[in-house]
Amino acid sequence: MLAKRNPSQIHALMLTSPPTYKDITTPIPQSGLERNYNFLRSPIFGNLAFSLLENRSVIKFFSNIFLFAKSRPCDEQWLDETEKEACMPARTPVQAFNAGLLQHRSFEPELKEITQTMWVVSGFGDSRALGRQKYGTILSTNTDMTFWEGDNRWYFE
């Protein structure tokens, strides 16, 4: 991790709505990564999956599960913007992420060796919030956990 290799240049880290601690420290086997990636890259099954995932109703469903609080669901502007961004060039990073390529190994050794202050922020509205609490209990004392009522979308309006 960049922060571990450059402690004099990186003063602190802020992880906003990161994967759960278990997800970032449990590697997915190579065979699973290849199966997932090949499925998502498949001209038939991958295109079918993305045609479904890029559907406005499906975007709304997953956005409300992972990004928005029940008390403040995604709005039409959010859906309009995500529909505009759904295109072939945008699929490649989504395919890699959804295949689990970022979970090809455990990041626990690096996380435990980071000496900088680390803030982990998450909304209680996210079902994964409880799984993020382990960052604060397992990692060093310089890890601060912050949870707020609401979702995982930052509002700058």
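Sequence positions are assigned chain by chain, starting from 1 and proceeding in written order. Local features are withheld for residues below a pLDDT of 70 in this predicted model, meaning they are given only at 70 or higher, and side-chain atom pairs are given and counted only at 80 or more; totals for whole chains, interfaces and linings count all residues. As a convention, hydrogens and water are excluded, and side-chain values are obtained from all of the structure's heavy atoms.

(A) View of the confidence of the model for the protein chain. Confidence scores here are pLDDT values: one per residue, from the predictor, ranging 0 to 100. Residue-level pLDDT values for the protein chain average 84, and 89% of them are 70 or greater. When pLDDT is averaged over each element of the protein chain, helix H3 (residues 30-41) comes out on top at 94 and strand S3 (residues 143-148) at the bottom at 67. What counts as a helix is a DSSP run of H or I of at least four residues, what counts as a strand is a run of E of at least two, and both are numbered from the N terminus.

(B) Main features of the pattern of salt bridges. One speaks of a salt bridge when a side-chain nitrogen belonging to Lys or Arg is within 4 Å of a carboxyl oxygen belonging to Asp or Glu. If you walk through the whole model with that rule in mind, you get eight salt bridges. One salt bridge in this structure joins Glu76 and Arg56, with 2.5 Å as the shortest N-O distance. Residue Glu76 is found in helix H6 (residues 76-85), and its partner Arg56 is found in helix H5 (residues 56-66); the two are separated by 20 residues along the sequence. The classification of residues rests on relative accessible area computed with a 1.4 Å probe and restricted to protein chains. Under 20% of the type maximum is buried, over 50% is exposed, and intermediate values are partly exposed. Of the residues examined, Glu76 reaches a relative accessible area of 47% and is grouped as partly exposed. Notably, a salt bridge pairs Glu83 with Arg56, separated by 2.5 Å at the nearest N-O pair. Placement of Glu83 in helix H6 and of Arg56 in helix H5 is noted, with a sequence separation of 27 residues between them.

(C) How the structure looks around H5. Among the residues of H5, Val58, Ile59 and Ser63 are the ones counted as buried. The arc that holds every buried residue of H5, seen down its axis, measures 130°, which confines them to one face. For H5, the elements touching its buried residues are helix H4 (45-53) and H6. By the N-cap criterion, in which a side-chain oxygen at the helix start approaches the backbone nitrogen of a residue two or three places on, H5 is capped by Asn55, the distance to Ser57 being 2.8 Å. This arc is built from the directions going out from the helix axis to the C-beta atoms. It only takes one pair of heavy atoms within 4.5 Å for two residues to be counted as in contact. Here a polar contact is taken to be a pair of N or O atoms separated by no more than 3.5 Å, where protein atoms must pair a possible hydrogen donor with a possible acceptor and residues adjacent in sequence count only if both atoms sit in side chains.

(D) Quick look at the nonpolar core. Grouped together as the largest cluster of nonpolar side chains are twelve residues: Ala3, Ile10, Leu13, Tyr21, Ile24, Phe107, Leu111, Ile114, Met118, Val120, Tyr135 and Leu139. Of all the secondary-structure elements, those providing two or more residues to this core are helix H2 (21-25) and strand S2 (117-123). Each residue touching Ile24, except ones within four places of it in the same chain, is listed here: Arg105, Ser106, Phe107, Glu108, Leu111 and Tyr135. Residues belong to a common nonpolar core when they are buried Ala, Val, Leu, Ile, Met, Phe, Trp, Tyr or Cys residues joined through side-chain atoms within 4.5 Å.

(E) Here's a closer look at the packing of aromatic side chains. Ring geometry is summarised as follows: Phe, Tyr and Trp rings, the Trp one being its six-membered ring, pair when their centres sit within 6.5 Å, and such pairs are stacked at plane angles under 30 degrees, edge-to-face over 60 and tilted between the two. The full count for this structure, using the stated rule, is four aromatic pairs. Taking 5.3 Å as the distance between ring centres and 90° as the angle between the ring planes, the aromatic pair formed by Tyr21 and Tyr135 counts as edge-to-face. Of the two residues, Tyr21 sits in helix H2 while Tyr135 sits in helix H10 (residues 134-138), which places them 114 residues apart along the sequence. Accessibility classification places Tyr21 together with Tyr135 in one group, the buried group. Here the aromatic rings of Phe39 and Phe45 are separated by 6.1 Å at their centres, their planes lie at 15°, and the arrangement is stacked.

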